[in-house]
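# A structural walkthrough
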Amino acid sequence: MSEQIIVGVDGSRGALAAALWAADDAARRGCDLQIVYVEEPLVYGGRAYERSADDPARKQGERLLQEAAARAAESRSDVHVSTELLYGDTTEILRAQAGEAAAIVVGSRGLGGFAGLLLGSVGLGLAGHVMGPVVVVRGAPTMVQGEIVAGLNPDDAVHPAIDYAFEEAQARGARLRVVHAWDLPSSRLGAGFGLDPDIIAQAQQAHVHGVLEPWLKRHPGVAVSESVYRGNPIAALCEASARADLVVVGSRGRGVIRSAVLGSVSHGVLHYATCPVAVVRPRVRAD
Ligand SMILES: Nc1ncnc2c1ncn2[C@@H]1O[C@H](COP(=O)(O)OP(=O)(O)O)[C@@H](O)[C@H]1O
Ligand SMILES: [Mg+2]
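Quick look at the structure, then. Numbering of residues starts from 1 in every chain and runs along the sequence as written. Following the order in which they are written, the chains are lettered starting with A and the ligands numbered starting with 1. This being a predicted model, a pLDDT of at least 70 is required before a residue's local features are given, and a value of 80 or more before pairs of side-chain atoms are given or counted; all residues contribute to the totals for chains, interfaces and linings. Side-chain numbers here rest on the full set of heavy atoms in the structure, without hydrogens or water.

### Comments concerning the packing of helix α5 (residues 160-172) against helix α6 (residues 197-218)
Definition in use: Each axis is a line fitted through C-alpha atoms, and for a helix only the stretch in contact is used; angles between axes span 0 to 180 degrees, taken between their N-to-C directions. Put simply, DSSP marks the helices as runs of H or I at least four residues long and the strands as runs of E at least two long, and each gets a number from the N terminus on. In what follows, roughly perpendicular refers to angles from 65 to 115 degrees, roughly parallel to angles under 35, roughly antiparallel to angles over 145, and oblique to any angle outside these ranges. Crossing handedness is defined as follows: a turn of the near helix away from the far one that is anticlockwise and smaller than a right angle gives a left-handed crossing, while the clockwise case is right-handed. Only heavy atoms matter for contacts: two residues are in contact if any of them lie within 4.5 Å across the pair. Gly is placed with the polar residues, together with every amino acid not listed as nonpolar (Ala, Val, Leu, Ile, Met, Phe, Trp, Tyr, Cys and Pro) or charged (Asp, Glu, Lys and Arg).
Here α5 crosses α6 at 30 degrees, and the two axes come no closer than 11 Å. Relative to α6, α5 is oriented roughly parallel. Regarding α5 and α6, the two cross each other, and that crossing is right-handed. For the pair formed by α5 and α6, the contact residues are Ile162, Asp163 and Phe166 on the first element and Leu212, Trp215, Leu216 and Arg218 on the second. Of the residues assigned to the contact of α5 with α6, the class counts are five nonpolar, no polar and two charged.

Laid out in structure tokens, this is it:
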């Protein structure tokens, strides 16, 4: 059986955009697509009420799965699509499903929540909490830009986002822009700080290039540019997202690869990037 890409749907436009993104990605990677809808128990006064078998809401779940599957198959007829209706807490169920998948994909928003929110609870509950890529799709599919953006901190111990970004760029025939932003601690900006920012900038550029070298050798067909800025990484990545098809970031920096906590850069990019975002947590064994 091929590897699976999983997408969560809830009948919203955001989820449909996620399903189309996932179908496209599955086609490019030769994966199967599994579309999942989770029906949440109705909990009132601390008690969960099961829906009866003839509750129209049950049929609704089946219907929205069929609709998403039809739209996915229509856009990519070369992908094997299956659907699954599960019962429980959406984030918990999707986390469990993600374990075996090549990637899990959701919309930035769904049906519920407060109108002004930029990111729903499902994306936030998955990104950084499951191993491998979590893709959060924002907005409807737009014109193809032909560019993937990846955020890199060359001082991190591992670079799962760079692996995924090269795979995506290669599969799409897209350019890859690797972005690194650095800055001096603000408390040292005053007089008396002995290091020249221009010299640091050159050293950072060389460091980024050195870290990327194994990937450049492995993927000679991918056109890579290295953008090293002095400034804030969230701002640099979100600005680059305006001209990208996908922004890829790691879930968390150095030394905490086993902890299921989202780093501040990934958190910021998930909220403010204007294109789909992949947050990639390294796959480590649980021992
Ligand atoms: N019940 C569900 N089953 C499967 N996927 C879901 C479900 N609810 C939400 N999702 C996924 O999560 C995305 C974001 O939804 P959510 O976090 O619930 O945002 P909101 O608060 O706007 O409803 C949806 O676009 C969809 O991809
Ligand atoms: Mg919701």
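We are not done yet, so read on.
### Regarding the site of ligand 1
As a reminder of what qualifies: Nearness of a residue to a molecule or strand requires only that one of the residue's heavy atoms be within 4 Å of it. Whenever a nitrogen or oxygen atom comes within 3.5 Å of another N or O atom, the pair is scored as a polar contact, on the condition that within protein one atom can donate a hydrogen and the other can accept it, and that pairs from neighbouring residues in sequence are kept only if both atoms are in side chains. Exposure was quantified through the Shrake-Rupley algorithm and a 1.4 Å probe, taking into account, for residues, occlusion by the shown protein chains and nothing else.
For ligand 1, the set of nearby residues contains 21 residues, the closest of which are Gly8, Val38, Arg109, Gly112 and Val122. Contact between ligand 1 and Ala15: an oxygen atom at 3.4 Å from a main-chain N or O atom of the residue. The contact in question runs from an oxygen atom of ligand 1 to an N or O atom on the backbone of Gly107, over 3.0 Å. Burial of ligand 1 by the protein amounts to 92% of the accessible area it has alone, namely 560 Å². Where the shell around ligand 1 is concerned, the elements lending two or more residues are α1 (13-29), β2 (32-39), α3 (90-98), β6 (103-107) and α4 (121-126). Taken together, the residues that form the shell around ligand 1 break down as nine nonpolar, ten polar and two charged.

### Observations regarding α6
Owing to its 3.6 residues per turn, the α-helix aligns residues three or four sequence positions apart on the same side. Put simply, the rule is: Helix span, as expected, comes to 1.5 Å for every residue beyond the first. Values of bend correspond, residue by residue, to the angle between axes fitted over the seven residues ending at that residue and the seven starting there. Partly exposed residues are those whose accessible area sits between 20% and 50% of the maximum for their type, while under 20% is buried and over 50% is exposed, using a 1.4 Å probe and protein chains only.
An ideal rise of 1.5 Å per residue puts 32 Å on 22 residues; α6 measures up with 32 Å between its terminal C-alpha atoms. The sharpest bend along α6 reaches about 45 degrees and sits at Leu212, with the proline Pro214 one to four residues further on. Of all the residues in α6, the buried ones are Ile200, Gln204, Val208, Val211, Leu212 and Trp215. The backbone nitrogen of Asp198 lies 2.8 Å from a side-chain oxygen of the residue at the head of α6, namely Asp196.

### What about helix α2 (residues 56-75)?
The test is simple: Think of the arc as the fan of directions from the helix axis to the C-beta atoms.
Over its 20 residues, α2 runs 29 Å from end to end, which matches the ideal 28 Å to within 8%, given 1.5 Å per residue. Inspection of α2 places Gly61, Leu64, Leu65, Ala68, Ala69 and Ala72 among the buried residues, and these make up the whole buried set. The buried residues of α2 all sit within an arc of 135 degrees when viewed along its axis, so they share a single face. Opposite the buried face of α2, by more than 90 degrees, sit the exposed residues Pro56, Lys59, Arg63 and Glu74.

### Here's the deal with the sheet that holds strand β1 (residues 4-8)
Filter applied, for reference: Strand pairing is assigned whenever DSSP identifies at least 2 bridges connecting the two strands.
With respect to topology, ten strands assemble into an open sheet ordered β5-β2-β1-β6-β7-β12-β11-β8-β9-β10, the strand pairing being mixed. Among the strands making up the open sheet, the edge pair consists of β5 (81-87) and β10 (224-230). Across the sheet, the axes of successive neighbouring strands diverge by a mean angle of 20 degrees, strand direction being ignored. Where β1 and β6 come together, three bridges link them in parallel fashion. For Val7, the partnering residue across the bridge sits in β6 and is Val105. Packing against the sheet, α2 makes contact with β2 and β5, and its axis sits at approximately 160 degrees to β2.

### With respect to the pairing of β1
Put simply, the test is: Handedness rule for crossovers: strands pointing away from the viewer, path from the first strand over the helix to the second running clockwise, crossover right-handed.
Most of β1 sits inside the fold, with five of its five residues counted as buried. Alternating positions in β1 separate into two faces, Gln4, Ile6 and Gly8 on one and Ile5 and Val7 on the other, with burial throughout. Relative to β2, β1 is paired through five bridges, and the arrangement is parallel. Within β2, the residue paired with Ile5 across the bridge is Leu33. With respect to chirality, the unit in which β1 leads through α1 into the neighbouring parallel β2 is right-handed.

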